[in-house]
Each structure stands twice: as structure tokens, then as C-alpha cells.
Amino acid sequence: VNRNEMPSVVDLLIVLGGDGTLLAMARALAGKCVPILAVNLGGLGFLTVITRDELYPTLEGVLSGNFQVERRVQIAAEIVRADEAIASYLALNDVVLNKGAIARILDFDVFVDGKFVSTYRSDGLIVSTPTGSTAYSLAAGGPVVAPSVQAFIVTPICAHTLTNRPLAISDTSKIEVVVKSQRESSYVTVDGQVGIAARSEDIVRMKKASSCVELVEPAEKNYFEILRQKLKWGGR
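Residues numbered from 1 in each chain as written. Predicted model: local features only at pLDDT ≥ 70, side-chain atom pairs only at ≥ 80, totals over all residues. Heavy atoms only, no water.

Draft legend 1. Quick look at the sheet that holds strand E13 (residues 194-198). Pairing in this open sheet of 6 strands is antiparallel, and the strands run E10-E9-E8-E5-E12-E13 from one edge to the other. Either end of the sheet is taken by a strand with one partner, and the two such strands are strand E10 (167-170) and E13. When strand polarity is set aside, the average angle formed by the axes of neighbouring strands in this sheet is 15°. Pairing of strand E5 (residues 94-99) with strand E12 (residues 186-190) involves 5 bridges; the strand directions are antiparallel. Note on E12: the bridge partner recorded for valine 96 is threonine 189. (Pairing = 2+ DSSP bridges. Helix = DSSP H or I, 4+ residues; strand = E, 2+ residues; numbered from the N terminus. Axes fitted to C-alpha atoms, helices over the stretch in contact; angles between N-to-C directions.)

Draft legend 2. Fine view of empty space enclosed by the protein. Within this structure, the stated rule accounts for 3 cavities of 30 Å³ or more. Within this model, the largest cavity holds a volume of roughly 180 Å³. Considering the residues around the largest cavity, the lining is formed by 16 residues, among which Val49, Glu70, Arg72, Glu217 and Ile226 are closest to the centre. Every element with two or more residues in the lining of the largest cavity is listed here: strand E2 (35-40), strand E3 (68-81), strand E14 (203-217) and helix H4 (223-231). Per-element tally for the lining of the largest cavity: the top contributor is E14, with 3 residues. (1 Å grid on protein atoms, 1.4 Å probe; cavity = no way out; pocket = protein on both sides within 12 Å on 5 of 7 lines; lining within 4 Å. Points joined across faces, edges and corners; volume = space filled by probe spheres on them.)

Draft legend 3. Focus on the nonpolar core. Counting residues in each nonpolar core, the largest one holds 27 residues, and the members touching the most others are Val95, Ile175, Val177 and Met206. Ignoring anything within four residues of it in the chain, the contact list for methionine 206 reads Ile75, Ala76, Ala77, Val95, Val127, Ser173, Lys174, Ile175 and Val177. Ranked by size, the runner-up nonpolar core spans 17 residues in total, among them Leu22, Ala26, Ala38 and Leu215. (Core = buried A, V, L, I, M, F, W, Y, C linked by side-chain atoms within 4.5 Å. Buried < 20%, exposed > 50% of the residue type's maximum accessible area, 1.4 Å probe, protein only. Contact = heavy atoms within 4.5 Å.)

Draft legend 4. View of the packing of aromatic side chains. Within this structure, the stated rule accounts for 2 aromatic pairs. Judged by centre distance (5.4 Å) and plane angle (55°), the rings of phenylalanine 111 and phenylalanine 116 are tilted. According to the relative accessible area criterion, phenylalanine 116 is partly exposed, its value standing at 48%. Centroid distance tyrosine 223 to phenylalanine 224: 5.6 Å. Interplanar angle 75°. Geometry classified as edge-to-face. (Phe/Tyr/Trp six-rings, centres within 6.5 Å; stacked < 30°, edge-to-face > 60°.)

Here it is, written out as C-alpha cells:
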């Protein structure tokens, strides 16, 4: 079947590759909660934590019904221009507003549940899920957030105002980011893979999606073990 038909016919999705492959296939499920067995054939891999050697024992457990899944929150994002929605996306990791080709500072007005937070002057802005906290947000100075924490993280990229720091808010909140830069080009990117060019006064509206992503968990591993392994915590 092709990618568009896949969500309606699969009961289990096996992903062979790295985190980028998993992110693409999670979006391809189009909101359907299908267990994903993610096998790491790539590099770092925070999401694809099952090794090649663990593939067949894990798969046997899944087929016999002896497995557990961890549900990961998604962001439902909508780009609004002149009161009309021009694009919508589901993000497992993050929604990022960043610069186009010219290296100039961008301006964004950020609102949470209709309340004005601040005007951010920065190279960009990241809104991430706990799953995405170990991706671009971490590289930009954001915190590591456990998947069980019900929060979104707003992280400025190279903020011009030094007091602007990452902000954690409830994942029940609705976030609006208004692009205020008139001359500088900006781009909205979802999970680092798809996106759309943004204009001044475009609004990016984000909230917790009604769908989720279900990742098959190896019984012998936990989130903190994965962090220690991937980030070399405790190493000398």
C-alpha cells in the first residue's frame, strides 16, 4: 500500500532506521494510534531505542501480546494568514520558527491561552513536546523533560535578550506565536522535515493533539537508562 493508505490497514508499524525515519512515519499515521516498533539502524537515536539484536525477541513479544507501549504527546499546529488556515501539521518532536537565508534577528509575539507572554527577539523559537526536548530544544539550551511530564517547552534560539530563557507550560495550554518581522524571512518547520514559509503577521497556533504516538518499549529498558547511554551521563 502507499503511504496515504497505510494508516487504515496496519496494526503494527516496524520502523528500521533512525529518529528521522520514525518522525516521518509517525506523521504518516495521520493521527491513528498504531504501536510503532522502532529499531535503531542509525546514529544517536533517542526514539529508536531497540537494537538490531533486540528486534526479533521484541517482535515475538509483540506478536504474542506480551509488550507495553509508551504514549507520546503530539502537537497539532495550524498556520493562519489573514484569518485563514493555510496549513496544518502534527508534530511529535517540535514546531520551529527560524530564519530564512539572511542572518538577521526575528521578532515573535508569544501568547499562552490568550495571555501575552513576551516579544522574543532571537534567531528563532522552538515549541517542543517532552519527546522533542532531547532534540533541537536541547541543543538550544532547553531542559531534558521526561515523556510522562505533561508540558510543552518554549525555547528561544540565541535570544537577543539574555533574560529570555526556556519556558515550560502545561500541555493543556494553547500557544500562539505571531510573526512580527516584516523584512526578514522566516520559516515554520515541523519535526525538522516539513514546513512552510511564514510572512509578517502570520500566526502559528499550537495545542495538544487529540492523537498520540505509541512506541513499543523494551521491557528491560527505561527512559533514564536511555539518557545515560545516549548522553554518556556519568562517564569520565
